[in-house]
Amino acid sequence: MPSATHIANDIPKILIPADLAASRKRLDSVWNGIIPGIVLVAMITAVAFSAHNVSGFALFSPMILAVVAGMVYSNVLGTPVHAKAGIAFSQKRLLRFAIVLLGFQLTLGQVVSIGAGGVGIVAATLGATFLFTVTLGRLIGVDRKLAQLIAAGTSICGASAIVATNIVTDARDEDVTYAVASITLFGTVAMLGFPLLAPLLGLDQHAFGLWAGASIHEVAQVIGAGFQNGTQSGEIATVAKLTRVAMLAPMVIALGLMARRGSRDQSAARPPMPWFVAAFIAVVALNSLVTMPAEVKSAMALATTIMLTMGLAAMGLQADISQLRSRGLRPLALAFCAFLFIGGFSLMLVKFA
């Protein structure tokens, strides 16, 4: 018995309305364009979340595991050509929406709760670390865009800041992957090592929480380190870290202005206010004015993590290990120096400011 598809194909094209044919063509284009890539990215994301629940991998966020899984897949099996459009969609569109949803994790009241001194320490540490990292990168010969990604990941909020910054810096996928890998390495060292240093440095729970929140790279790493030292320490560390996340918006705007000023073709330069930054600010304002149900906030946090993980899985799928090796050890040394600087500078401010 002939299938419906065969019957449809046997109908003379003249009998098929032009608008129906156009709609069918668009649907075929979507299916053959982005759907296969999104499915592949979703599979990598599922693997990352599953691995995160395995003993020994819980220290690493699903985002980091997705980058690794994507790199392994693409460099061992190869990325299918028909999946590239969907991978690009996940890398760009989903990441922008994820950055916007980050705003639901922050309110202006949380920022105020650590006091003017705490906000000042966080802001000063962020600015000084970013300038130090970019300047040192130029001195030791690290590519400017890669140095900016490492600076953003170290000074603001790890992988989320790197992908947001890359929207205006437009670095290569390998640079993004390198930056994510390096800040993950040193952020993990900080998460495990900083709680051991607290008694040696004479830090009480409030001081340690502020130090951890102002200096450790990823949100998950800050939470892990903060609560190891006590409940009060964990709560202060989380708020201090979210304050750094709030500073992602002005940092991206500043980088957009720098990119525009440095562009030879001003008409083609990127706008200084990307739409996702404006949306992020609007979401923070909304979240500050309207009390969201706990279930909604939990759902938003999960959606944010999933979309960030999918975006980083897409980056891993497009990363070429040979290109990473060609960057050498200088970017890794830069990330290490940035890690030492942010830890030392913030500690100095916490103890003596």
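If you're wondering where the values come from, they're calculated on a predicted model, not measured in any experiment.

**Here we look at the overall build of the protein chain**
- Check the secondary structure of the protein chain and you find 17 helices and zero strands.
- Taken over 353 residues, the protein chain has a buried fraction of 48%.
- A separation threshold of at least 6 residues defines the contact pool for the protein chain, and within that pool the share at least 24 residues apart is 81%.

**Section: the confidence of the model for the protein chain**
- For the protein chain, per-residue confidence averages 81 on the pLDDT scale, and residues scoring 70 or more make up 85% of the total.
- The weakest mean pLDDT in the protein chain belongs to helix α1 (residues 4–10) at 48; the strongest belongs to helix α17 (residues 330–352) at 94.
- Within the model, the stretch residues 11–16 combines pLDDT values under 50 with two contacts to residues more than four positions away or in other chains.
- This stretch, residues 266–273, has a pLDDT under 50; its non-local contacts, to residues over four places away or in other chains, come to 15 contacts.

**As for the layout of surface pockets**
- One number sums up the size of the largest pocket: a volume of about 470 Å³.
- What lines the largest pocket is a set of 24 residues, among which Gln-105, Val-219, Ala-220, Ile-223 and Thr-305 lie closest to the centre.
- Elements with a contribution of two residues or more to the lining of the largest pocket: α4 (62–76), α11 (219–228), α12 (231–246) and α15 (294–317).
- If one sorts the elements of the lining of the largest pocket by residue count, α15 sits on top with five residues.
- For the lining of the largest pocket, a count of residues per class yields twelve nonpolar, ten polar and two charged.

**Points about α17**
- Spanning 23 residues, α17 covers 32 Å between terminal C-alpha atoms, matching the ideal 33 Å at 1.5 Å per step.
- Along α17, the residues classified as buried are Pro-331, Leu-334, Ala-335, Ala-338, Phe-339, Ile-342, Gly-343, Ser-346, Leu-347, Leu-349 and Val-350.
- Buried positions along α17 lie against α7 (115–140), α8 (144–169), α9 (173–201), α10 (205–215) and α12.

**Quick word on the packing of aromatic side chains**
- Here the structure, examined in full by the defined rule, presents eight aromatic pairs.
- Here Phe-336 and Phe-339 contribute two aromatic rings whose centre-to-centre distance is 6.4 Å and whose plane-to-plane angle is 40°, an arrangement assigned as tilted. Of this pair, Phe-336 and Phe-339 both sit in helix α17, three residues apart, which is roughly one turn of the helix.
- Among the residues examined, Phe-336 registers a relative accessible area of 38% and is labelled partly exposed.
- Judged by its relative accessible area of 11%, Phe-339 is buried.
- Here a set of aromatic residues connected by ring pairs shows up, and it is made of Phe-186, Phe-194, Phe-208, Trp-211, Phe-336 and Phe-339.

**Here we look at the environment of Ala-171**
- Among the secondary structure elements, Ala-171 is positioned in the loop between α8 and α9.
- According to the relative accessible area criterion, Ala-171 is buried, its value standing at 8%.
- In this structure, the C-alpha to C-alpha distance between Ala-171 and Arg-144, residues 27 residues apart in sequence, is 9.2 Å.

**Quick look at the side chain of Ser-90**
- Within the secondary structure, Ser-90 is located in helix α5 (residues 84–101).
- For Ser-90, a relative accessible area of 0% corresponds to the buried category.
- Ignoring anything within four residues of it in the chain, the contact list for Ser-90 reads Ile-38, Val-41, Leu-95, Met-310, Gly-311 and Ala-314.

**A word on a nonpolar patch on the surface**
- A cluster of nonpolar side chains, contributed by Val-68, Val-72, Val-76 and Leu-77, occupies part of the molecular surface with about 400 Å² of accessible area.
- Tracing the chain through its elements places Val-76 in helix α4.
- Val-76 sits in the exposed class, given a relative accessible area of 64%.

**A look at the packing of α10 against α12**
- Packing of α10 against α12 leaves a shortest axis separation of 7 Å and a crossing angle of 30°. With respect to their mutual orientation, α10 and α12 come out roughly parallel. In the packing of α10 onto α12, the handedness of the crossing is right-handed. Between α10 and α12, the residues in contact are Gln-205, His-206, Phe-208, Gly-209, Leu-210, Ala-212, Gly-213, Ala-214 and Ser-215 and Thr-231, Gln-232, Ser-233, Ile-236, Ala-237, Ala-240, Lys-241 and Arg-244, respectively.
- Looking at the contact of α10 with α12 residue by residue, the class counts come to seven nonpolar, eight polar and two charged.

Criteria and cut-off values
Residues numbered from 1 in each chain as written. Predicted model: local features only at pLDDT ≥ 70, side-chain atom pairs only at ≥ 80, totals over all residues. Heavy atoms only, no water. Helix = DSSP H or I, 4+ residues; strand = E, 2+ residues; numbered from the N terminus. Buried < 20%, exposed > 50% of the residue type's maximum accessible area, 1.4 Å probe, protein only. Contact = heavy atoms within 4.5 Å. pLDDT = per-residue confidence, 0-100. 1 Å grid on protein atoms, 1.4 Å probe; cavity = no way out; pocket = protein on both sides within 12 Å on 5 of 7 lines; lining within 4 Å. Points joined across faces, edges and corners; volume = space filled by probe spheres on them. Nonpolar A, V, L, I, M, F, W, Y, C, P; charged D, E, K, R; others polar. Expected span 1.5 Å × (residues − 1). Phe/Tyr/Trp six-rings, centres within 6.5 Å; stacked < 30°, edge-to-face > 60°. Patch = residues over 30% accessible without salt bridge, like charges linked within 9 Å, V, L, I, M, F, W, Y side chains within 5 Å. Areas by Shrake-Rupley, 256 points an atom, 1.4 Å probe, with all protein chains shown as cover. Salt bridge = Lys/Arg side-chain N within 4 Å of Asp/Glu carboxyl O. Axes fitted to C-alpha atoms, helices over the stretch in contact; angles between N-to-C directions. Parallel < 35°, antiparallel > 145°, perpendicular 65-115°, else oblique. Left-handed = near helix turned anticlockwise from the far one by under 90°.

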